[in-house]
Every structure is written in structure tokens, then in C-alpha cells.
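Residue-level listing of the chains:
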Amino acid sequence: MTPQYAEDLSRIAAMTQIRPNVHYAAALNVERARSFMETHLGCTAREVARELGVSDDRARRLVRRIRAEWVGRPGGKK
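Residues numbered from 1 in each chain as written. Predicted model: local features only at pLDDT ≥ 70, side-chain atom pairs only at ≥ 80, totals over all residues. Heavy atoms only, no water.

Undergrad: Please set out the environment of N29 residue by residue, giving values where relevant.
TA: Relative to the helices and strands, N29 is located in helix α2 (residues 22-39). Among the residues examined, N29 registers a relative accessible area of 16% and is labelled buried. Distance from N29 to G53, taken between C-alpha atoms, is 9.8 Å for residues 24 residues apart in sequence. Contact partners of N29, with chain neighbours within four places excluded, come to L52, V54 and L62. (Helix = DSSP H or I, 4+ residues; strand = E, 2+ residues; numbered from the N terminus. Buried < 20%, exposed > 50% of the residue type's maximum accessible area, 1.4 Å probe, protein only. Contact = heavy atoms within 4.5 Å.)

Encoded structure:
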């Protein structure tokens, strides 16, 4: 790939504002939800949804995933 071609691709991407990688956004939501849940123990999925600005369904999946990770860790359920 020539430098000019790479520069053109970069400029086009900036002009069209290509959306960020979906996997990156999903991972970011997991981290944000985990951080919120660690500081707000016993919070509900609806509270997570409100804090993160995601749908209730997405928040329920995040909460379920994070609580499953916590099972078996020191201080978590067995």
C-alpha cells in the first residue's frame, strides 16, 4: 500500500466518520458495567441500563455475564 493510498483511506474514513469497531464498543460496555456494579453492589439491571445508556435487555445480558464471572472468585458465590 502506497503512503498516498493510506493517506486517502484515512481522510475518507474521517470524512465519513466510520463507526468504531463494534467489538471494542461491546468490551467497553462490559468494563463500564463491571465498574458500576463493583461500586454499587446489589444494583439492578435497570440501574445499569440507566447509568450506561443501554437498553434494559442489553443491561440484563451484561449483568448476567458479570455475575457469572464473579461466581467462584474470593468473596463471591460458590
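Picking up after the structure, the text goes on.
Undergrad: Give a description of the side chain of R34 that names residues and reports values.
TA: Mapped onto the secondary structure, R34 falls in helix α2. Since its relative accessible area comes to 16%, R34 is described here as buried. Among residues more than four places away in sequence, those in contact with R34 are I66, E69 and W70.

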